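Examining the three-dimensional arrangement
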Amino acid sequence: MDGSGGQMDIQDKVVCDEDLNMEEVENGARGPNETHHAPSIDSQICNANQLSLADSHFSPMRILSWNYQGFGNPTTRNSLWNLIRGRAVGISLIWKTGFQCEIIHNTDKMINVIISDNPSKPEFLATFLYGSVYHEEKMEQWKYIGEIGARIDHPWVIIGYLNITMHDHDRSTYSTPTTTEYPEIQTILDNSDLSDLGYIGNRFTWNNRQYGNNCIYARLDRALVNGHWLNHYGCTPVHHIDTIGSDHIPIILETTSVSFQGSKPYRYFKCWGSDPSVREVIKNAYSKDVRGSSSFQFTNKLRFVKHDLKLWNHQPFGNIDHKVRTFSGQLHYLNNLPHSSNNVELIKQVEFDLEHWQKVQEDFYAQKSRQELFKSFDKNIGFYHNYANRRKYFNHISALKLDNGQWVNDRADLETLLVNHFSSIGTCSKPSRNLEILNCIDPFISNSDNQNLLRPVTKQEIIDTINQMTP
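Parameters at a glance
Residues numbered from 1 in each chain as written. Predicted model: local features only at pLDDT ≥ 70, side-chain atom pairs only at ≥ 80, totals over all residues. Heavy atoms only, no water. Helix = DSSP H or I, 4+ residues; strand = E, 2+ residues; numbered from the N terminus. Buried < 20%, exposed > 50% of the residue type's maximum accessible area, 1.4 Å probe, protein only. Contact = heavy atoms within 4.5 Å. Pairing = 2+ DSSP bridges. Core = buried A, V, L, I, M, F, W, Y, C linked by side-chain atoms within 4.5 Å. Phe/Tyr/Trp six-rings, centres within 6.5 Å; stacked < 30°, edge-to-face > 60°. Lys NZ or Arg CZ within 6 Å of the ring centre and 35° of its normal. Axes fitted to C-alpha atoms, helices over the stretch in contact; angles between N-to-C directions. Left-handed = near helix turned anticlockwise from the far one by under 90°. Nonpolar A, V, L, I, M, F, W, Y, C, P; charged D, E, K, R; others polar. Bend = angle between axes of the 7 residues up to and from the residue. Arc of directions from axis to C-beta. Salt bridge = Lys/Arg side-chain N within 4 Å of Asp/Glu carboxyl O.

A count of helical and extended segments in the chain gives 14 helices and 15 strands. Out of the 471 residues belonging to the chain, those deemed buried represent 37%. Considering only contacts within the chain whose residues lie at least 6 apart along the sequence, 62% involve residues at least 24 apart.

On to the sheet that holds strand E12 (residues 238-240), then. If you walk across this open sheet you meet the three strands as E8-E12-E13, and the pairing is mixed. The open sheet terminates on both sides in strands that have one partner only, identified here as strand E8 (200-201) and strand E13 (251-253).

Soluble globular proteins tend to pack their nonpolar side chains together in the buried interior. Formed by 24 residues in total, the largest nonpolar core has its most connected members in Trp-272 and Leu-309. Those elements giving two or more residues to this core turn out to be helix H6 (277-286), helix H7 (294-317), helix H8 (320-335) and helix H9 (341-369). Of the residues forming this core, the biggest block, seven residues, is contributed by H9. Beyond its immediate chain neighbours, meaning those up to four positions away, Trp-272 contacts Tyr-266, Arg-267, Val-278, Leu-309, Trp-312, Asn-313 and Phe-317. With 22 residues, the next largest nonpolar core counts Ile-152, Ile-158, Leu-189 and Leu-194 among its residues.

As enumerated under the stated definition, the model contains 11 aromatic pairs in all. Here Phe-269 and Trp-272 contribute two aromatic rings whose centre-to-centre distance is 5.7 Å and whose plane-to-plane angle is 70°, an arrangement assigned as edge-to-face. For the pair formed by Phe-269 and Trp-272, the shared burial category is buried. Grouped by ring-pair contacts, the aromatic residues Tyr-268, Phe-269, Trp-272, Trp-312, Phe-317, Trp-357 and Phe-364 constitute a single cluster. Taking NZ or CZ as reference, Lys-288 lies 5.2 Å from the ring centre of Phe-304, over its face. Geometry around Tyr-286 places Lys-301 over its ring, the cationic atom sitting 5.2 Å from the centre.

Glancing now at the sheet that holds strand E5 (residues 124-130). In a beta sheet, neighbouring strands pair by backbone hydrogen bonds and run either parallel or antiparallel. Across the sheet, six strands lie side by side as E3-E4-E5-E6-E11-E7; this open sheet has mixed pairing. Lying at the two open borders of the sheet, with one neighbouring strand each, are strand E3 (100-106) and strand E7 (195-196). With respect to the sheet, helix H2 (residues 135-151) is in contact with E3, strand E4 (110-116), E5, strand E6 (156-161) and strand E11 (221-225), its orientation differing from that of E4 by roughly 25°.

So, on to the packing of H6 against H7. Orientation of H6 relative to H7, taken along the N-to-C sense of each, is 140°, at an axis distance of 8 Å. The chirality of how H6 crosses H7 is right-handed. Taken together, the residues of H7 that come into contact with H6 (itself represented by Ser-277, Val-278, Val-281, Ile-282, Ala-285 and Tyr-286) are Phe-298, Lys-301, Phe-304, Val-305, Asp-308, Leu-309 and Trp-312. For the contact of H6 with H7, the per-class residue count stands at 10 nonpolar, one polar and two charged.

Taking the largest bend as the criterion, H7 deviates by roughly 25°, centred on Leu-311. Among all positions in H7, only Asn-300, Lys-301, Val-305, Asp-308, Leu-309, Trp-312 and Phe-317 are buried.

Let us look at helix H4 (residues 183-191). What H4 keeps buried is the set Ile-185, Ile-188 and Leu-189. Within H4, the buried residues cover an arc of 100° as seen down the axis, which keeps them to one side. Here the buried face of H4 lies against H2, helix H3 (178-181) and E11. Of the residues flanking the end of H4, it is Asp-193, one or two places downstream, whose phi is positive at about 60°.

Quick look at the environment of Ile-463 now. Tracing the sequence through the fold places Ile-463 in helix H14 (residues 459-467). In this structure Ile-463 comes out as partly exposed when scored by relative accessible area, which is 25%.

The next subject is the pattern of salt bridges. Counted under the stated rule, the structure contains seven salt bridges. In this structure, Asp-170 engages Arg-222 in a salt bridge whose closest nitrogen and oxygen atoms are separated by 3.0 Å. Highlighted residues: Asp-170 in the loop between E6 and H3 and Arg-222 in strand E11, separated in sequence by 52 residues. Accessibility assignment for this pair places Asp-170 and Arg-222 in one class, buried. With a shortest N-O distance of 3.5 Å, Asp-308 and Lys-288 are connected by a salt bridge. A residue pair is termed long-range when its members are at least 10 positions apart, and Asp-308 in helix H7 and Lys-288 in the loop between H6 and H7 qualify at 20 residues. Judged by its relative accessible area of 34%, Lys-288 falls in the partly exposed class. What emerges from the salt-bridge pattern is a single network uniting Asp-170, Asp-196, Arg-219 and Arg-222.

This is the structure in structure tokens:
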């Protein structure tokens, strides 16, 4: 694991710099029929700076420590391999100095670490996982992950050979995904608010090293993160690194997020309708005098409405989250004052305003997330906010692959590539219009339908369209 955003999870084979201190934690070996009993997570998470995990079922362990030099030399690597062969079973975690890294729990197939590498961001929990191939042990692993997910309240990433597929296209055979075959795993992912970060590079991370029709590929290595991770670390890319000599390829997670550039698309939010002044803003903007054809007038009137609504959104409508925090603070202050009839009336008014803005806040994030289903009967602000962040993350194009196999990730190069691509498919060197082909197409729009489509849009149609908008 590298403080500059390098490889975090090292399984089977290790590649690192010279003069690196390695400490390998090795637990007792276990046969395929022995059930793994993961330690239960402590019922209390102390605070944002410390995660407590009760560890009550450790197997006897041996610790190998070696300050070695010349790891680039094959002789050194062979010596290390001969030393640990037959002794070490499981996974190894290696890191450089430069940031805080505290191992709080480990088994032979899972290591949980609290990591702090950026003072401006909260520390996060990293779970390095080697997914078991045995059903009972696999379910024990995911049960333990579910226990963590039920209590954790800060950024969390699970990375490694998870040994699961989440979609049918995660396998070259398009077989049933693991999350469908074992719905309890999907339930744990949902309840723990975990989502896949995606990847840049090769589509699959494992193959059975067979040839021809017997060769099977699958994406078994991945990184899962919770909503707190997306809020604080944003768009953190996961790279699939092409290698030879192993059935798995390494994956690298960079904690330095990729910033989103470009202008944001404009949209009308239905929650604006809760403020009576918005109707006057739209009416005044739409009534501005514009000369030209009906379509020209309509387009420019909408442009005026868009401009005036943007100004109105900043003031007087204001920041929704800020208003919710303000009224929450006022309510807390009033509840701590001595009881009086005047105070009771103020509390009722603040509660009314707070409830109103909480509903506006929920509608706002529901529309941004484009998610209409409720996960609970409680306020769903956190759910909608995380869902909107996921949409923002997955709508972002961070890299594209060229025909020659090279990847492009520079913003300017991506823009040039996309512009050239769509320009090429939308242009022709020798354009011609074949009227005979057009005459073969039966018209489905009558003259009356055409006139109806060309007529100016009425005020009532605009109001009906806005009222029919769903989150």
